[in-house]
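# Observations on chain architecture
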Amino acid sequence: MMKRIICLILMMGMLGVAFASSVYAEENVAGSDELKTVRVGYLIYEGYQEGAGDAPKSGYGYEYLQQIAYYAGWKYEYVNGSFSELLEMLKNGQIDIMGNISYTDERAHYIDYGKEEQGREYYYLFVREDRTDISASDLTTLNGAKVGINKGSVQVDLFENWCAENNIACDIILYESSAQRSKDMESGKLDAVVSTDVTTNNMARYHWNALVKIGSSPYYFAVSKYRPDILEELNDANIKVLQSDWYYNEKVYLKYYGKTSVSAVGLSAEESEWLNTDPTIKVGYIDGCLPYADMDEETGEVVGMLPAFMEHMYTWYGVHMEAVEFSGYEKMKEALEQKKIDLIFPAYGSYWTSEENNLMVTEPLTTSYLLMFHMGNYNGGTSSVIAITDASPMQKFYVKEHYPESQVLLCSDMIECIKAVASGKATCTLT
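My aim in this report is to walk through the structure given alongside it, one point at a time. (Residues numbered from 1 in each chain as written. Predicted model: local features only at pLDDT ≥ 70, side-chain atom pairs only at ≥ 80, totals over all residues. Heavy atoms only, no water.)

## A word on helix α2 (residues 83-92)
Condition: Only protein chains enter the area calculation, which uses a 1.4 Å probe; residues under 20% of their type maximum are buried, those over 50% are exposed, and those in between are partly exposed. Runs of E in the DSSP output that reach at least two residues are strands. Runs of H or I that reach at least four are helices, and both are numbered from the N terminus. The directions from the helix axis to the C-beta atoms form the arc being described. Residue contacts are counted whenever heavy atoms from the two residues lie within 4.5 Å of one another.
All of the buried residues in α2 are F83, L86, L87, M89 and L90. For α2, the angular spread of buried residues about the axis comes to 160 degrees, placing them on one side. On the buried face of α2, the contacting elements are β1 (36-42), β2 (74-80), β3 (97-102), α3 (105-108), β4 (111-113) and β9 (208-224). Directly beyond the C-terminal end of α2, a positive phi value near 80 degrees is found at G93.

Pasting the structure below:
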């Protein structure tokens, strides 16, 4: 039954609301009333730096550049190009600064590096999902493989060393363009590519798997040796950025790349083989548990987050999922134990609770807040009575884990829980 409770909610969307002041203040942070023009090598890379020409710019690297500019008193002139082109321009003094540059002794002869790391890159060998003939458990299957790597990147040396350590003989093909490399990978001209973990979205789009990690390295803002003034200002500004937030690097990185793991993007050979048997995964849900799942009596269809997730799984991975309705958690849990269903959604994501109930939980699909409704002051303790309902897959476990001293009053539904609080039968309820 679809239950609708009308609430008034005051919301502020995630619009990046902040205070702002003019960069042309009477005296900026750098101690000057004029901004210095700095030519920056702006490599277009999804999530890192986006927006060529006059297009709106965004990305992890772009935001970091802005923070540096605020403290250094800079304004930027953006120069686009390929990685190797921009690196050569930096070497020759045609641009002043560029981000995402890994350190090598050779590069240190013709460019200078900032003192602080901008971040750290991890490098992986990627193969297409359908290339089950190449296996991480048998690296000899890579012998003779054509592997694409971006020209001039530190990945070339790392991969050559990795091949030598593992006695693998590969044919390395260098590319000026990541787009052309991806195109050749898709057409079958390449057997594998070496790339970074920040290309996770590309890996999902192309259905590539991270076969093995070949190494990692820190990367920095690099400055032309013709501009020692900019190097000094960069170092001073970067220290101030990190003093304001020692975890700035990690936070701005996660803002654009999230928690997605390259190893969790594609399907392994074993997973693909299992899916080829065309299984149907049955997912149990509790009726009336919006926004997660509910049965619309008028259409007979499941509504909420669950059908959206099921559609996503079918679109990306060809996984067939079937929703199975239950009136309460205990009946759903019993069906799971009897293997009548394969999954339940939503589930309380505590590892301790899951262990106690002999369950496995996935990474969170979403996050939400539990609110407490009570009359008067809530002091907790053994005298408190918390109203819960079996129709909620969260309440019972949350109360047991976080309020073990409280008593529990089982109600038929949330309306009855609220009535119990209003009448004084219960101290509070959670929803």
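That shown, we press on.
## Considering the sheet that holds strand β18 (residues 428-430)
This is how the line gets drawn: Any two strands with at least two DSSP bridges between them are considered paired. Only C-alpha atoms enter the line fits that serve as axes; for helices the fit covers just the stretch in contact. Angles between N-to-C directions range over 0 to 180 degrees.
The mixed open sheet is built from four strands, whose spatial order is β15-β18-β16-β17. Either end of the sheet is taken by a strand with one partner, and the two such strands are β15 (372-374) and β17 (407-411). Adjacent strand axes in the sheet meet at a mean angle of 30 degrees, parallel and antiparallel pairs treated alike. As judged from the five bridges shared by strand β16 (residues 385-389) and β17, these two strands associate in the parallel manner. Its bridge partner being in β17, A387 is matched across the sheet by L409. Against the sheet, helix α13 (residues 395-402) contacts β16, β17 and β18, and its axis sits at roughly 155 degrees relative to β16. With respect to the sheet, helix α14 (residues 414-423) is in contact with β15, β16, β17 and β18, its orientation differing from that of β18 by roughly 155 degrees.

## Comments concerning the packing of helix α1 (residues 60-72) against helix α7 (residues 228-244)
The cut-off we apply is this: Roughly parallel means an angle under 35 degrees; roughly antiparallel, over 145; roughly perpendicular, 65 to 115; everything else is oblique. Gly falls in the polar group here, along with every residue not listed as nonpolar (Ala, Val, Leu, Ile, Met, Phe, Trp, Tyr, Cys, Pro) or charged (Asp, Glu, Lys, Arg).
Contact pair α1 / α7: the axes reach a minimum separation of 8 Å and the direction vectors enclose 110 degrees. Classified by the interaxial angle, the pair formed by α1 and α7 is roughly perpendicular. Here α1 contributes Y64, Q67, I68, Y71 and A72 to the contact with α7, which in turn contributes E233, L234, A237, N238, K240, V241, L242 and S244. Its residues placed into classes, the contact of α1 with α7 shows eight nonpolar, three polar and two charged.

## Regarding the packing of aromatic side chains
In plain terms, the rule: Paired rings are identified among Phe, Tyr and Trp, the last through its six-membered ring, by centres lying within 6.5 Å, and are further divided according to the angle between planes into stacked (under 30 degrees), edge-to-face (over 60) and tilted (the rest). In this scheme, the term charge over a ring applies when either NZ of a lysine or CZ of an arginine sits within 6 Å of the ring centre and within 35 degrees of the ring normal.
A complete count under the given rule lists 18 aromatic pairs for this structure. Ring centres 5.5 Å apart and planes at 85 degrees place the aromatic pair Y60 and Y253 in the edge-to-face group. Pair noted here: Y60 is in helix α1 and Y253 is in helix α8 (residues 248-257), with a separation of 193 residues, a long-range link. Summarising the burial analysis for this pair, Y60 and Y253 share the class buried. With a centroid separation of 5.2 Å and 70 degrees between ring planes, the pair formed by Y64 and F221 is classed as edge-to-face. Placement of Y64 in helix α1 and of F221 in strand β9 is noted, with a sequence separation of 157 residues between them. Like Y64, the residue F221 is buried in the burial classification. In this structure, K57 is placed above the aromatic ring of Y78, and the distance from its NZ or CZ to the ring centre is 4.9 Å. Geometry around Y110 places K91 over its ring, the cationic atom sitting 4.8 Å from the centre.

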